[in-house]
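Breakdown of the fold
Residues per chain are reported as follows:
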Amino acid sequence: MRLRITGGAVHDPANGVDGDIRDICVENGRIVESLPPDAPKLDARGMVVMPGGVDVHSHFASSSCNHARRLIPDEHTADPVAPPELLDGEPLPRSGSGGTVPSTFTTGYRYAGLGYTTAFDAAVAPLMARHSHAELDDTPCVDGGIFVLMGNDEYLLRQIQAGERDRARDYAAWLLGATGGYAIKVVNPGGVEAWKTGQRNVTGLDDSVGGRATPRAIVEVLADAANALQLPHPVHIHCNNLGIPGNAATTLATMDALAGRRAHLTHLQFHCYGGEPGKGWSSGASQVMEYVNAHRELSVDVGQVMFGPAVTITADAPVEYLLYKSSGRRWTNIDIELETGCGIVPLVYKDKAAVAALQWAIGLEIFLLSADPWRVVLSTDHPNGGSFLSYPDVIRLLMDRSFRDQRLMQVNPKLLAGSALADGLAREYTLNEIAIVTRAGPARLLGLKQKGHLGPGADADVTIYSRDPDIAKMFSTPRYVVKGGVVVVEEGQLRRTPAGGRLRVTPQYDDAILADLRRHFSAYSTVSFDNYPVRDLPGTPA
Ligand SMILES: [Zn+2]
């Protein structure tokens, strides 16, 4: 129950600690000020100590991930995973399959092996929340939570059409509690509903969604709801026009529409393109980052693209149709009745492909042009831009300019004219900045007061790296990982697999909404109102 981690160089930016040699004391799963001298010790001399990693945006526990797994059996054959050799008395170790969308247990094992101890699945259809919680139950070693899709929801659109914005807020609150969700997610506001009803898509913030609402109204209502409900994380927005040349203008218009409201824009890289549809692509990162830097109420995660295999998994069904048409790859597209959609297309990002090279460069530009690492945090939108296993390679690109410039020489330069990266960005991230973008920053943006830092009272989630001149190697194989005070990785090997906790909220709402919701469910839903909420979730809501 006690452990003193001694002599490591501690990087704990939330508490202003930048590589100081000090001890970290752990008792009963929490960080404490001090311990008696006879407490067991873990010798971290010469090593780097950070809080456990926090993934603000990933896709690893959902019915859409399961559809993706079905779509890539070849990856499973290519990457069979033997059960880890756990210590006696541990839960039964599980075999599994790897690839870009690993099976549940393997996902937990691999996150822990990477030094990540908290992760959020960023896109869960409310109706499928039960499935996500079942997957999280089988994803050990990480505390997990889900973001609930609301930007194309039938009941919400009805409230907006009727001008009932307070009721829309009450609905968002009820839905978060009913699904065991943590945050409000908006994907292509209005566009998925347009796709499902034959309108194909929306392209601007003031386009009509079947005469009922506009993307602007959806974004305003849900941003206001998250803020009025004082949710720990603000509205989490995937903008309109993902992946389309010229979409930087849409992204800027969305940020403008937020008009000072607190909000998080996700996988910004996929929304930072200059150029025009049909006429070509360029980087729009400089303009967008100028705006982000000047607006403290906004935060983003990058959605870095890494060369290699990936699977696009998104509620943005019309985008997946375009991707299928342009790639010719296998695909699936699913309507989730009153709520949202879902599409999946596996693909490979090649450094010799001009668009992939531009996407890679734009992600790095977002990182390197960021004035505030606390608001611009690391993601690959796993597995959309690449697996979470590629995070160490992203870190190397950020910390080592000569390596980055070398890589830049190898990629297709066709679309890189005018890109800030091609013009030369000298910045190299420090270890403390890496600690910010991979744990302290995401924890703060998520409102997780006990995560992302090593001060007294924090959860004892600690990652200890052996120094290595190869930065990617250092970050891919931590020497020790402590999760909730339990040493899960020892000498680089997974040894213990405690169950993860569940991170969720149950905001208050006016229960006058319940009678109307019951009517709505009995008129339109395939699920009865009383059977809809998820039950018996572990843990206590935030
Ligand atoms: Zn995503």
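Notes on the structure in this doc start here.

Looking now at the nonpolar core. One finds Ile184 and Phe475 to be the most contacted residues of the largest nonpolar core, which totals 126 residues. Sort the elements by how many residues they give to this core and helix H12 (residues 354-369) lands first, with eleven residues. Here isoleucine 184 is in contact with Val148, Met150, Ala172, Leu176, Leu222, Ala225, Ala226, Leu231, Pro234, Val235 and His236, once residues within four sequence places are set aside. The next biggest cluster of nonpolar side chains, apart from the first, holds 19 residues, and it includes Leu3, Val17, Ile464 and Val487.

Before going further, it helps to examine helix H8 (residues 215-228). Taking 1.5 Å per residue, 14 residues should reach 20 Å; H8 reaches 20 Å between its end C-alpha atoms and fits that length. Buried residues dominate H8, accounting for ten of its 14 residues. The set of residues buried in H8 consists of Pro215, Ala217, Ile218, Val219, Glu220, Val221, Leu222, Ala223, Ala225 and Ala226. Following H8 by one or two positions, glutamine 230 adopts a phi angle in the positive range, close to 50 degrees.

The subject of this paragraph is the sheet that holds strand E6 (residues 53-58). In spatial order, the strands read E6-E9-E10-E11-E12-E13-E16-E20; together these eight strands make up an open sheet with parallel pairing. Looking at the sheet topology across the chains shown, the edges are occupied by E6 and strand E20 (376-377). In the sheet, strand E10 (residues 143-149) pairs with strand E11 (residues 183-187) via three bridges, with the strands oriented parallel. Looking at E11, one finds that leucine 149 is bridged to lysine 185. Relative to E6, helix H16 (residues 431-445) is tilted by about 65 degrees, and along the sheet it contacts E6, strand E9 (116-124), strand E13 (263-265), strand E16 (298-301) and E20.

The buried fraction of E9 is high, at nine of nine residues. Note: E6 against E9, four bridges, orientation parallel. Among the inter-strand pairings, serine 58 is bridged to a residue of E9, identified as aspartate 121. Here E9 pairs with E10 via five bridges, running parallel. Bridge assignment links threonine 118 to a residue of E10, and that residue is aspartate 143. You can see the chain leave E9, run along helix H4 (residues 129-137) and come back into E10, and the turn it takes is right-handed.

Parameters at a glance
- Residues numbered from 1 in each chain as written.
- Predicted model: local features only at pLDDT ≥ 70, side-chain atom pairs only at ≥ 80, totals over all residues.
- Heavy atoms only, no water.
- Core = buried A, V, L, I, M, F, W, Y, C linked by side-chain atoms within 4.5 Å.
- Buried < 20%, exposed > 50% of the residue type's maximum accessible area, 1.4 Å probe, protein only.
- Helix = DSSP H or I, 4+ residues; strand = E, 2+ residues; numbered from the N terminus.
- Contact = heavy atoms within 4.5 Å.
- Expected span 1.5 Å × (residues − 1).
- Pairing = 2+ DSSP bridges.
- Axes fitted to C-alpha atoms, helices over the stretch in contact; angles between N-to-C directions.
- Right-handed = clockwise from strand over helix to strand, strands pointing away.

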